Every structure is written in structure tokens, then in C-alpha cells.
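Here's the letter readout for the chains.
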Amino acid sequence: MSEAAEVIIVGAGIAGLAMAIALRQRGLNPVVLEQAPELREIGAGLLLAPNACAVLERLGALDFLKQGHSVEVPRWELRNWRGKLLSTLSIPRAGQDALSTRRSDLQKALLGCLPADCVQLASQVSSARLSAGGVSLSLADGRELRGKRVIVADGSHSQARASLWPESEPLYCGYVGWRGIVDHVPAGWERGRVSESWGQGRRFGIAPVGGGKTYWYATATVPEARSRERVGIAELRRDFAGWHAPIDEVLETTPNDKLLQHPISDRRPERDWQRDEKLVLIGDAAHPLTPNLGQGASMALEDAWELANLWGRTDAMLSYVKRRRWRVMRLWAMSRSLGKLIQWHNPLACGIRDLQMQMTPDGLSTAMMRSVLRYDPATAGLP
Ligand SMILES: Cc1cc2nc3c(=O)[nH]c(=O)nc-3n(C[C@H](O)[C@H](O)[C@H](O)COP(=O)(O)OP(=O)(O)OC[C@H]3O[C@@H](n4cnc5c(N)ncnc54)[C@H](O)[C@@H]3O)c2cc1C
């Protein structure tokens, strides 16, 4: 068996790449194992809140995004399904802007901060086992690798987590999400305008992402037994028929084979995301969130940044878990409740909900989001 590597990171997603950069900035040389044989363009769009951008700046990845690979988002609009404006959330000036981008551009921005040989592709980790000198990882191709310390960042269906925390799969939240990107910006849609519209048991969001492209997402309440049944563009167009412009135009111009579908799931953040200061979970592997607050990627970036800040300590992993748990728990709960509210389908209840949103002063919604979006990487994770 090969000599144990100092640090192995499992997964080259947002959390894993951010972690690798942050550790390299501190003089370490981690190895990243990624299951994909090549890093292709996958995923659709992402809204990067100011807290995500604050970490990306520290990692050196923000400039790439700001140079034509994103759009600045000064506010988010909430509308009803007919298009009536219910509320506007101004992004609190919290040190950084919010950006709308493509997941693939974020991945490029992060990869651009790493040497080419840092990520080992075609390396799917199927299980992890604690051993005397660290952690043994079994790979799907039969290899066994050892790391003195292992950071697990392989997303919400993490296989490494499942081997140490059995029965910890995410739970279905009652609705399915669809996402796509189209090669145009609808006529009359201003740059940086991000809008989400609520109906009865359904929602639709639109966000230009730069480079003349537009990201859209939709959700619908679906019983669990049918949540994996594939739905095509034609069916979505039927479901969203009569909704305000340009929803039908955006759907119509999305190629069916580019449509992404995910049952939405999350998991109550566990009390413990580490084992014996040898293995630790970050990002969705630790705490998958529903996408309602648009904070999943932000939490992954904050996790990586704080763990790296603590890395030299003998209790780094335990301290990281203690520091992160309450913030993540709060956002998990907020995101889950917001999702339930958005997915209401009783017409009367939805009418009251929309009226309530309309009557809530915009300044109050903005103030409520301030503590979520504010994050200071200069002090985060420091003793
Ligand atoms: C519908 C939807 C919309 C969303 N919108 C937003 C948004 O607007 N803003 C936002 O901040 N967040 C959003 N999120 C959440 C966000 O995408 C995730 O929180 C974020 O991607 C988590 O990053 P991660 O690195 O932990 O996991 P991932 O991005 O899932 O990365 C995991 C990586 O690990 C690799 N991997 C998996 N298994 C293995 C294995 N066994 N061995 C080796 N490698 C492996 C994968 O190939 C992947 O590269 C959304 C999520 C959904 C479902």
C-alpha cells in the first residue's frame, strides 16, 4: 500500500476545490480525488450571495467571475404567477456584491487557482475507514489510498459519509426542482434582474448569468413516489401555461436534453461531522440544504474557509464543527420553512401569503436577510 498522503480531499465540487485552494494558501499540498473522468460543464446557474463572494475574493477566484462570467445582482424581485410585484429584497451592502453565474464558470474560477495536477480525475471513493495512522479510502477501481487527514466534500449523496455515518441519507422535502440555461436574455429583461414568481405549489425563477445566457429554475410539489419520474419541457410548459412572460419563452427555448431535474432533499445538520481529528465533512456532504435561500454554495465556501483557518490546531476539526453548526442549523431551518411556504398549494392560503409578502415593507425583508448574507472572512474561524 502507498505511503499516506498528508491531506486528501474527496470531491472536486465547490467545497472541495475551495478547500484545496485555502489549504494551498497556507502552504499545504492536498490531493483532490474526483469521481468524474473529466471536468465537464455540469449544473446550471447559481446565485452567489455576498457571503459566498467574500470567500471567493479571499481565494482569488472572484476576478475571473467579474470579468464577463457573471452578472451583478443588486436586488431580488418576488412576484406572483401573474407577474405582479410582491416584494423587492435589496442585497444588503455587506462588503461584497451578489453575483449570478453558471456553476461551470464558478468551477473554472476555482480550478484556475490550482495547479493542474492537484485534482485526480476518475477516482471514485466508495468507502472510508479510520485506521491507526489516519484514514483508508477504497476506490471503485480497486485502489486503496491512505491519508493522514481526509476532508470529505463529495456532495449530498456522499459515499464516504455513508460508510462512517450509516442511515444519514438526505430526506425528500416534497417537491422537485428543474433547472436550465438558455442562450439568450429575454427581450426587455434588464441586466442583473433576478426574479422569482410564486404560484400554487409551484415557483419559477429567472436570472441572467452573463455571456448573453439566462438561468431559470422551477419547482413543483410532487409525491415522493413520482419524484424521480422524468418530466420533459412539454410537460413543464403545460404546468406553467398562463404564467407571466417570459416564462413560456424561456421554457420553449430550453433543449430537452439540457433540462436538469432533482428531487429536493435536505438533512437536519448532525451534531458531529468529524471523526478523531482524522476525517471531516464539509459542504453538502455535511449538511445538504434546500435551495430556497440560495445558500448551499455559500455554506460550502464558508466551511472550507473556516476549516482552513483552523487547520494548524490539534482540535481543528472539532473546532470547525462547533463554530459552523449553529449558523448552518439556522439556515437549514430557515430554508426548509421558506420552502414549505413557497410550495403551499391551497388557493386561499396562497392568496393570504402573497398579500402578506406585499404588505411586508421591503426594508424589513432586507434587514431579516442581513445576518444571513453578512460574513467576514477576515475573522471567520480564527481563534
Ligand atoms: C435546484 C438547486 C438549486 C440550487 N441553487 C443554488 C443557488 O442559487 N445558490 C447556492 O449557493 N446554492 C445552490 N444550490 C446548492 C449548491 O449547488 C450546493 O450546495 C453546492 O453545489 C454544494 O457544493 P459541494 O462541493 O458540497 O457539493 P457538489 O457541488 O455536489 O460537489 C461534489 C463533488 O464530489 C464529486 N463526487 C461525488 N461523489 C464522489 C465520490 N464517491 N468520489 C469522488 N468524488 C465524488 C462530484 O462529482 C462533485 O464534483 C442549489 C442546489 C439545487 C439542487
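What counts and what doesn't
Residues numbered from 1 in each chain as written. Predicted model: local features only at pLDDT ≥ 70, side-chain atom pairs only at ≥ 80, totals over all residues. Heavy atoms only, no water. Helix = DSSP H or I, 4+ residues; strand = E, 2+ residues; numbered from the N terminus. Expected span 1.5 Å × (residues − 1). Buried < 20%, exposed > 50% of the residue type's maximum accessible area, 1.4 Å probe, protein only. Arc of directions from axis to C-beta. Contact = heavy atoms within 4.5 Å. Polar contact = N/O pair within 3.5 Å; in protein donor to acceptor, adjacent residues only side chain to side chain. Axes fitted to C-alpha atoms, helices over the stretch in contact; angles between N-to-C directions. Parallel < 35°, antiparallel > 145°, perpendicular 65-115°, else oblique. Left-handed = near helix turned anticlockwise from the far one by under 90°. Nonpolar A, V, L, I, M, F, W, Y, C, P; charged D, E, K, R; others polar. Pairing = 2+ DSSP bridges. 1 Å grid on protein atoms, 1.4 Å probe; cavity = no way out; pocket = protein on both sides within 12 Å on 5 of 7 lines; lining within 4 Å. Points joined across faces, edges and corners; volume = space filled by probe spheres on them.

Taking 1.5 Å as the rise per residue, helix α10 (residues 347-359) with 13 residues should run 18 Å; its terminal C-alpha atoms sit 18 Å apart, in good agreement. Every buried residue of α10 is listed here: Cys350, Arg353, Asp354 and Met357. Down the axis of α10, the smallest arc covering the buried residues is 95°, so these residues share one side. Facing away from the buried side of α10 by over 90 degrees, the exposed positions are Leu348, Ile352 and Met359. Buried residues along α10 sit in contact with β5 (75-80), β6 (85-90), β13 (194-198) and α9 (316-342). Two or three places before Leu348, at the opening of α10, Asn346 has a side-chain oxygen 2.9 Å from that residue's backbone nitrogen.

The next thing to look at is the packing of helix α1 (residues 14-25) against helix α8 (residues 296-310). Running from N to C, α1 and α8 point in directions that differ by 25°, and their axes come no closer than 8 Å. The orientation of α1 relative to α8 falls into the category roughly parallel. Judged by the twist between their axes, the crossing of α1 over α8 is right-handed. Packed against α1, whose contacting residues are Ile14, Ala15, Ala18, Met19, Ala22, Leu23 and Gln25, the element α8 presents Ala297, Ala300, Leu301, Ala304, Trp305, Leu307 and Ala308 at the interface. For the contact of α1 with α8, the residue count by class is 13 nonpolar, one polar and no charged.

Counting buried positions along helix α2 (residues 50-59) yields eight of ten residues, so the element is predominantly enclosed. Looking one or two residues beyond α2, the residue adopting positive phi is Gly60, at roughly 85°.

Pairing analysis gives six bridges linking strand β12 (residues 171-182) to strand β16 (residues 260-266), with the strands arranged antiparallel. Residue pairing in the sheet places Trp178 in a bridge with Gln261 of β16. Bridge count for β12 against strand β15 (residues 213-221) is eight bridges, and the pairing is antiparallel. When the bridges of β15 are listed, Gly177 appears paired with Thr219.

Here we come to unusual backbone geometry. The linkage connecting Ala245 with the following residue, Pro246, adopts the cis geometry, with an omega of 5°. Of note, Ala122 is a non-glycine position whose phi angle comes to about 50°, a positive value. Residue Ala122 is classed as partly exposed on the basis of its relative accessible area, which comes to 41%. The residue Glu167 is not glycine, and still its phi comes out positive at about 60°. Mapping Glu167 onto the fold places it in the loop between α5 (159-164) and β12.

Bringing the layout of surface pockets into the picture now. By volume, the second largest pocket is sized at about 370 Å³. Lining the second largest pocket are 15 residues, and of these Glu41, Gly43, Ala44, Ile181 and Lys258 lie nearest its centre. Residues of the lining of the second largest pocket, tallied by class, amount to five nonpolar, three polar and seven charged.

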